[in-house]
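Coordinate inspection notes
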Amino acid sequence: MSHILANEALRSVVLYHPKPTEGWRYAIYTQEGVTDGRLLDSTPSTSFEEARARMEQTLVELFGRPSTLRWKETSPGWWTGEALDAPSPA
């Protein structure tokens, strides 16, 4: 599998549950831009803990390596994972 974001540095991830009838969505922020999408296999009843685990696996698939994230709920149903191993801004 090709790791499409392998050459980019992860800054943060937003994991959110926008509507009660939809599954989780995400936005991945890197130094180069934003990638967003729907977290596959998530349902309206998927817990944050399950969604977080699936998101972290998705990051491994996209970047080819695990990332250490510090998660914080920024508003109900919206979580931000700050990359602790992100490079400092230039």
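Now for a quick tour of the structure. (Residues numbered from 1 in each chain as written. Predicted model: local features only at pLDDT ≥ 70, side-chain atom pairs only at ≥ 80, totals over all residues. Heavy atoms only, no water.)

Moving on to the nonpolar core. Leu10, Leu15, Ile28, Met55, Leu59 and Trp71 are the most contacted members of the largest nonpolar core, which totals 18 residues. Contributing elements (two or more residues each) for this core: β1 (10–16), β2 (25–30), α1 (48–63), β4 (69–75) and β5 (78–83). Sorting elements by how many residues they give to this core places α1 first, with six residues. (Core = buried A, V, L, I, M, F, W, Y, C linked by side-chain atoms within 4.5 Å. Buried < 20%, exposed > 50% of the residue type's maximum accessible area, 1.4 Å probe, protein only. Helix = DSSP H or I, 4+ residues; strand = E, 2+ residues; numbered from the N terminus.)

This paragraph deals with the sheet that holds β2. Pairing is antiparallel across the open sheet formed by five strands, whose spatial order is β3-β2-β1-β5-β4. In this open sheet, the two edge strands, each paired with only one partner strand, are β3 (34–38) and β4. The average angle at which neighbouring strand axes cross in this sheet is 20°, direction not considered. As paired strands, β4 and β5 are joined by six bridges and run antiparallel to one another. Among the inter-strand pairings, serine 75 is bridged to a residue of β5, identified as tryptophan 78. Helix-sheet contacts for α1 involve β1, β2, β4 and β5, and the interaxial angle to β1 is about 145°. (Pairing = 2+ DSSP bridges. Axes fitted to C-alpha atoms, helices over the stretch in contact; angles between N-to-C directions. Contact = heavy atoms within 4.5 Å.)

Moving on, we come to the packing of aromatic side chains. For the structure on display, the rule yields four aromatic pairs. Seen in terms of ring centroids, phenylalanine 48 and tryptophan 71 are 5.7 Å apart; in terms of plane orientation they differ by 75°. Their pairing is edge-to-face. With a gap of 23 residues between them, phenylalanine 48 in helix α1 and tryptophan 71 in strand β4 connect regions that are remote in the sequence. The pair phenylalanine 48 / tryptophan 71 is uniform in exposure class, with both members buried. Site record: aromatic cluster; members linked through ring pairs are Trp24, Phe48, Trp71 and Trp79. (Phe/Tyr/Trp six-rings, centres within 6.5 Å; stacked < 30°, edge-to-face > 60°.)

The quantities given are spatial measurements derived from coordinates; they are silent on function.
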